[in-house]
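# Chain and residue survey
What follows is the residue order along each chain.
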Amino acid sequence: MRKTRKKESASVDSPEDKPEAQEVKGFPVVGIGASAGGLEAMEQFFSNMPVNSEMAFVVIQHLSPDHKALLSEILQRATEMPVMTVKDRMKVKPNSVYVIPSNKSMSILNGSLHLFDPVETQGLRLPIDLFLRSLADDKQGQSIGIILSGMGSDGSMGVKAIKEKEGMVLVQDPASAKFDSMPRSAIETVMVDIVAPANELPAKLIALTRQAPRLNTKEEIEKDSSALEKIIILLRIYTGNDFSQYKKTTMYRRIERRMGIHQLKKIALYVRYLQENPVEIDILFKELLIGVTSFFRDTTVWELLEDQILPSVFEKLSNKYKFRVWIPGCSTGEEAYSLAIVFKEVMEKTNMDKSLSLQIFATDLDSYAIEKARKGIYPANIVADVSEERLHRFFRKADDQYRINTEIREMVVFASQNVIKDPPFTKLDMLSCRNLLIYMDEDLQKKLLELFHFGLNPGGLLLLGSAERAQTELFSTVNSKLRIYHRTGLAKNDELFNFPGSFSHSKSILMENQIPAKIPDNIQTLTDQLLLQQFSPACVLVTDKGDILYLTGNIGKYLSPAAGKANMNLFAMAHEGLRNVLPDAFRKAIQSFERVVLPNVKVINGGTQLTDVIIKLIEKPPALKNKVLVIFDDVPEEKQKSAKQKKEIPINNTSQTRLKFELQRVKEELEGTLEEMQTSQEELKSTNEELQSTNEELQSANEELTTSREEMQSMNEELQTMNVALQSKIEDSVRINNDMNNLFNSIEIATLFLDRDLNIRQFTFPATKIFKLKQSDVGRLFTDQVTDLVYPEMYNHAREVLRTLLFIEKSVSSRYGRWFNVRIMPYRTFEDKIDGLVITFIDNTKTKRLEDSQMILRSVVDTLTAGVLGLTADGVIGEFNNEAEILLGCKRDEVIGKNYFNLFVLESVRDKVETDLKKLCDGVLPNRYENHIITANGDELRIEWSAHKLADATPTLIGLIKIGPNTT
């Protein structure tokens, strides 16, 4: 039975409610993704969705390849819209539901659904992502994605694509979902328009679609420019970012989306709402910063870079070159990591002897996206964009996620940056800014391109998005279709040399409006700061491992960065002279908790400087406990001269010999110590290699376990879906079984259901009055049961029906005088197979007794010497005895059921005889009367009749008996 759906508060197709409907071409298509636990959510969704929503719904669910799909049948009970299992190239129509078939992937193109055999034979499949991506490309702003209950992260990449195309995304509230992995993954991926329980999503979806775009014309934009400027001001106050040069039409679309969610029809009302709800400002800010990206987006671009452009660029570079790249608007980092992977692959393929390294600067205004990019952790559904070889080579699997390995991660530096007002990176070999400029107005686009020209080296590469184009006077085209350009050597605009700065305000305006710094009132604080700057020695605060936390003073005389990978460690940065004495003194200071002083240490840094080094472990305050303070205090020139003079005093030969011997001994001990250290280092390397080997084996085993887990998870989802479908079928079967039981009990027909071996399969309650049956007798041979029937041939007849498939019907008596009409028929399944017998027992005791009484009555009537005719009120003959046969010249069987007036009454007097019969029935005429009749032989007779009325228990007249003597 179809569920009753809730009525909507307003008509969906009302022209007053939807005045824009005629302006929008086509209709929205809703892609609904669900997995485990999603069947119940879909039933709730469709039972609350009106029939005339003017939207099409496409359902994509994870199904077992071998499982017969029952989803269409189940959803059809929840909605009056037609529900169809998709066939290849099926055209999508509004107010219809389309369900993906089992073991298929699906896409949409030009409004038609196309089916594919899945490439994946096992493991992770992503049918929801595949369809939603194609839906975003096909329907653009009329694409709608809905994510319901399910395990995994399938669908999160698809909803990102929909948001990029200005579509809408709705997600089931994770708290109401049986499995919340898919909803949570979608919410973490994009700024979702609606989050609500499944039964509330239809009403919210309809309300959201009614808010059609209205503010796209220039006139309307100018009309509401004041309200838009107020929104920009609020964004600048609360977020610190200026959107005044953001493309107005894009801003309107984003703002209207938020207005639709809050059911606000005027932009002025939304300004008021922003003022009263600062949280909405943050949401709008994130809505304006939607970063849609993916690994190896636009594969043709990456293939061209890998096969042609990068190899040719690398050949021209010198040895030990650092290739610098800037990616503004990097979002969550997929493009930056993609470039690092391609760079690594090109280096491995070309087998260059050059020592090239890559340094990528990836920046974005969204600090949340930058944090996510730094972690380098991505959901499992990146398998749709990253090949299996690259996943194995450059990623590490952890639970249901992939983590970028250290080799690629160290190539990229992420930072928060406002590309409009913050200074750019310079001396770049490549700059990738894809699909960022399309959100800016023309003036800002031009200035940003000039900025990019300034940051690139001559001949540097510029990559833009598919809808963006570089200025021909600044860049030469490498590939116009893929938007790849070279920087030319033309002179740059002078106004761009003023960095850092903002394009919104000139430097002079900023200086005029700048508020002078407030002078502190505390003279003691100023004096302390001056003394520290003038007289305090250089010092460094480090951890117990030597990692530098804080520097002060002219520390460059004693420490400097070492070549190679950046290492902020005291011992790695120490100059010659300090490098040998610092470790031992540092260790003593930590172990003894005492101050250690190294006097007159000769520090070599282009020159020679004597320095006193003081090392002290800090115990107070608690915030600096267990930190170490290292102070460098230069020895005054007077003391240095005094030390030199002392060295010039002659030393006797004995002391000199002793010192030489002592120095030789120290050198030998040092060499021994160094040899032992090298031996220990080699042993540690060997142990480390063994540990790495063990780690690789464990990683391999972990990958196998992860693969098995994925397969088990996929199988679990399929079983969950199948279980829900089977539960629905069981409910249907139970309901049908109850209906059948009530039907059998109401008609009180005793019935036995037997299998092919004539064992009892089921029986109705009235059958217990004929056979001594109870529930435990199910499965036993039916002839083993005690019965009152006198029917010894019943077993043989049952066998005969199984053999011939022809039913047998027989009237049988019981020992207590009851009679039953027994009917034995084959039991046929829906597949038209014989699977046993059905035996029905209909109690016809009353009928049998009536028949016996009728036979006795007929015998009595036949013994009468007068002719007897029984007529109904309409003149139909019901009785005809032997004397009547002789009198009228015809047999009983010839006249029973025929009309008396047509057979035996002259046509000339027929009307009168019919009238007399009615008068007899009404009691107007006496019981005895005469009339003329005609026999079968054509003879006319005049007979005196004695008429007697027949009536039932009501009493209602049912007939008439005419008795006439055999006289002419």
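Details of the structure are given in the entry above.
Read on for a plain summary of the structure. Here the residue numbers are simple positions, counted from 1 along each chain's written sequence. With the structure being a predicted model, the display of local features is reserved for residues of pLDDT at least 70 and the display and counting of side-chain atom pairs for 80 or more, all residues being used for whole-chain, interface and lining totals. No hydrogens and no water enter the side-chain calculation; it runs on all heavy atoms of the structure.

## Re the overall build of the chain
A count of helices and strands for the chain gives 29 helices and 35 strands. Burial classes follow relative accessibility: with a 1.4 Å probe on protein chains only, a residue under 20% of its type's maximum area counts as buried, one over 50% as exposed, and anything between as partly exposed. Counting across all 968 residues of the chain, residues that qualify as buried make up 43%. Per-residue and other accessible areas were derived by the Shrake-Rupley procedure at a 1.4 Å probe size, with only the shown protein chains allowed to occlude residues. Summed over its atoms, the accessible surface of the chain is roughly 54,000 Å², and 52% of this surface lies on carbon and sulfur atoms. Put simply, DSSP H or I for four residues or longer makes a helix, DSSP E for two residues or longer makes a strand, and each gets a number counted from the N terminus.

## What about the sheet that holds strand S4 (residues 90–91)?
Note: two strands are recorded as paired if DSSP finds a minimum of 2 bridges between them. Here three strands make up an open sheet; going across it, the order is S4-S7-S6 and the pairing antiparallel. In this open sheet, the two strands that pair with only one neighbour each are S4 and strand S6 (105–109). Both S6 and strand S7 (residues 112–116) contribute to a ladder of five bridges, which runs antiparallel. Its bridge partner lying in S7, Ser-107 is registered against His-114. Residue contacts are defined here by distance: any two heavy atoms, one from each residue, within 4.5 Å place the two residues in contact. Where helices are involved, their axes are fitted lines through C-alpha atoms of the stretch in contact, as for all axes, and angles between N-to-C directions lie from 0 to 180°. Contacts between helix H3 (residues 127–139) and the sheet are confined to S6 and S7, with S6 contributing the most and set at about 0 degrees to the helix.

## Quick look at the pattern of salt bridges
Note on definitions: salt bridges are taken to be side-chain nitrogens of Lys or Arg within 4 Å of carboxyl oxygens of Asp or Glu. Summed over all chains, the structure comprises 24 salt bridges. One salt bridge connects Lys-163 with Asp-193, and the closest N-O pair in it is separated by 3.2 Å. Pair noted here: Lys-163 is in helix H4 (residues 156–164) and Asp-193 is in the loop between helix H5 (181–189) and strand S10 (194–196), with a separation of 30 residues, a long-range link. Put simply, Lys-588 and Asp-584 hold a salt bridge, and the shortest N to O gap is 3.5 Å. Note that Lys-588 and Asp-584 are positioned in helix H21 (residues 578–592) at a spacing of four residues, about one turn of the helix. On the basis of relative accessible area, Lys-588 is assigned to the partly exposed category, the value being 46%. Its relative accessible area of 33% is what places Asp-584 among the partly exposed residues. A single salt-bridge network, built from bridges that share partners, covers Glu-306, Glu-345, Lys-349 and Arg-390.

## Side note on the nonpolar core
Definition used in this section: a nonpolar core is a set of buried Ala, Val, Leu, Ile, Met, Phe, Trp, Tyr and Cys residues joined via side-chain atoms within 4.5 Å. Core analysis: the biggest nonpolar cluster contains 48 residues, and Phe-295, Phe-314, Phe-323, Ile-360, Phe-395, Val-412 and Phe-414 have the highest contact counts within it. Of the residues forming this core, the biggest block, nine residues, is contributed by helix H13 (residues 334–350). In contact with Phe-414, other than residues within four places in its own chain, are Cys-330, Gly-333, Ala-336, Tyr-337, Ala-362, Ile-370, Ala-373, Arg-374 and Arg-409. Formed by 36 residues, the second largest nonpolar core is a distinct cluster that contains Val-30, Phe-57, Val-83 and Val-724.

## A closer look at the packing of aromatic side chains
Two rings belonging to Phe, Tyr or Trp (six-membered ring only in the last case) form a pair when the distance between their centres is within 6.5 Å. Interplanar angles under 30 degrees mark stacking, angles over 60 mark edge-to-face geometry, and anything in between is tilted. All told, the structure shown has 19 aromatic pairs when counted by the stated rule. Note on Phe-361 and Phe-425: the rings are 4.5 Å apart at their centroids and 20 degrees apart in plane angle, and the pair reads as stacked. One end of the pair, Phe-361, is in strand S12 (residues 357–364); the other, Phe-425, is in the loop between strand S16 (412–416) and strand S17 (428–433), and 64 residues separate them in sequence. Of the residues examined, Phe-361 reaches a relative accessible area of 13% and is grouped as buried. Considering the side-chain rings of Phe-395 and Tyr-402, the 6.3 Å spacing of their centres and the 85 degrees angle between planes classify their relative orientation as edge-to-face. Residues Phe-395 and Tyr-402 agree in their burial class; the two are buried.

## Overview of unusual backbone geometry
Phi angles above zero are rare outside glycine, and Asn-110 is one such case at about 55 degrees. Secondary-structure assignment places Asn-110 in the loop between S6 and S7. The residue Phe-296 is not glycine, and still its phi comes out positive at about 55 degrees. Take Phe-296: it is sitting in the loop between helix H11 (278–288) and helix H12 (299–315).

## Brief notes about the sheet that holds strand S23 (residues 596–604)
On the basis of which strands lie adjacent, the open sheet formed by five strands has the order S22-S21-S25-S24-S23 and antiparallel pairing. Each edge of the open sheet carries a strand with a single partner, namely strand S22 (548–552) and S23. Direction aside, the axes of adjacent strands within the sheet are offset by 20 degrees on average. Pairing geometry for S23 and strand S24 (residues 608–617), over seven bridges, is antiparallel. Counterpart to Ile-604 in the pairing with S24 is Thr-608.

## Digging into a nonpolar patch on the surface
The patches described consist of residues with a relative accessible area above 30% and no salt bridge, like charges being joined within 9 Å and nonpolar side chains (Val, Leu, Ile, Met, Phe, Trp, Tyr) within 5 Å. A cluster of nonpolar side chains, contributed by Ile-736, Met-740, Leu-743 and Ile-747, occupies part of the molecular surface with about 340 Å² of accessible area. The topology assignment puts Leu-743 in helix H23 (residues 653–747).

## Here we look at the pairing of strand S25 (residues 628–634)
Every other side chain in a regular strand lies on the same face of the sheet, so the side chains alternate between the two faces. When strand S21 (residues 538–542) meets S25, the two strands line up antiparallel, connected through five bridges. Bridge pairing in S25 places Val-542 opposite Val-628.

## Examining the environment of Met-251
Relative to the helices and strands, Met-251 is located in helix H9 (residues 248–261). According to the relative accessible area criterion, Met-251 is buried, its value standing at 0%. Once the C-alpha coordinates of Met-251 and Leu-288 are considered, the two residues, 37 residues apart in sequence, prove to be 7.2 Å apart. Setting aside chain neighbours within four positions, we find Met-251 in contact with Leu-228, Ile-232, Phe-243, Tyr-246 and Leu-288.

## With respect to the environment of Val-412
Summarising the element assignment, Val-412 is placed in strand S16. A relative accessible area of 3% means that Val-412 is categorised as buried. Val-412 sits 53 residues away from Gln-359 along the chain, and the two C-alpha atoms are 6.1 Å apart. Dropping the residues within four chain positions of it, Val-412 is found in contact with Ala-336, Tyr-337, Ala-340, Ile-360 and Ala-362.

## Here we look at the side chain of Ser-107
Counting through the fold element by element, Ser-107 comes out in strand S6. Ignoring anything within four residues of it in the chain, the contact list for Ser-107 reads Ser-112, Leu-113, His-114, Phe-116, Leu-130, Phe-131 and Ser-134.

## Some thoughts on the pairing of strand S29 (residues 819–828)
Looking at chain direction, strand S28 (residues 808–813) and S29 are connected through six bridges and run antiparallel. Across the sheet, Ser-811 pairs through a bridge with Asn-821, a residue of S29. Alignment of S29 against strand S30 (residues 834–843), held across eight bridges, turns out to be antiparallel. Its bridge partner being in S30, Val-822 is matched across the sheet by Phe-841. Taken together, S29 and the strand that follows it, S30, pair antiparallel across an intervening segment of five residues, in which Asp-832 is found at a positive phi of about 60 degrees.

## Details of the packing of helix H8 (residues 225–239) against H11
Packing of H8 against H11 leaves a shortest axis separation of 10 Å and a crossing angle of 100 degrees. Judged by the inter-axis angle, H8 sits roughly perpendicular to H11. Between H8 and H11, the residues in contact are Ile-231, Leu-234, Leu-235, Tyr-238 and Thr-239 and Pro-278, Ile-281, Leu-284, Phe-285 and Leu-288, respectively. The nonpolar class holds Ala, Val, Leu, Ile, Met, Phe, Trp, Tyr, Cys and Pro. Asp, Glu, Lys and Arg form the charged class, and all remaining residues, Gly among them, are polar. Across the contact of H8 with H11, the residue classes break down as nine nonpolar, one polar and no charged. The scheme is simple: roughly parallel for angles under 35 degrees, roughly antiparallel for over 145, roughly perpendicular for 65 to 115, oblique for anything else.

## Focus: H13
In a helix, the anticipated span is given by 1.5 Å times the number of residues less one. The first and last C-alpha atoms of H13 sit 24 Å apart over 17 residues, in line with the 24 Å expected at 1.5 Å per residue. Within H13, 13 of the 17 residues are buried, which leaves the element mostly enclosed by the surrounding structure.

## Description of H12
Compared with an ideal rise of 1.5 Å per residue, which puts 17 residues at 24 Å, H12 spans 24 Å between its outermost C-alpha atoms and is within 8% of the ideal. The axis of H12 is deflected most strongly, by about 50 degrees, at Leu-305. Among all positions of H12, only Val-301, Trp-302, Leu-304, Leu-305, Glu-306, Ile-309, Leu-310, Pro-311, Val-313 and Phe-314 are buried. The angle separating two fitted axes, one through the seven residues that finish at a residue and one through the seven that start at it, defines the bend at that residue.

## Some points on the environment of Val-190
In this structure, Val-190 sits in the loop between H5 and S10. Among the residues examined, Val-190 registers a relative accessible area of 11% and is labelled buried. When residues no more than four places from it in sequence are discounted, the contact partners of Val-190 are Val-159, Lys-160 and Lys-163.

Just distances and angles here, no functional claims.
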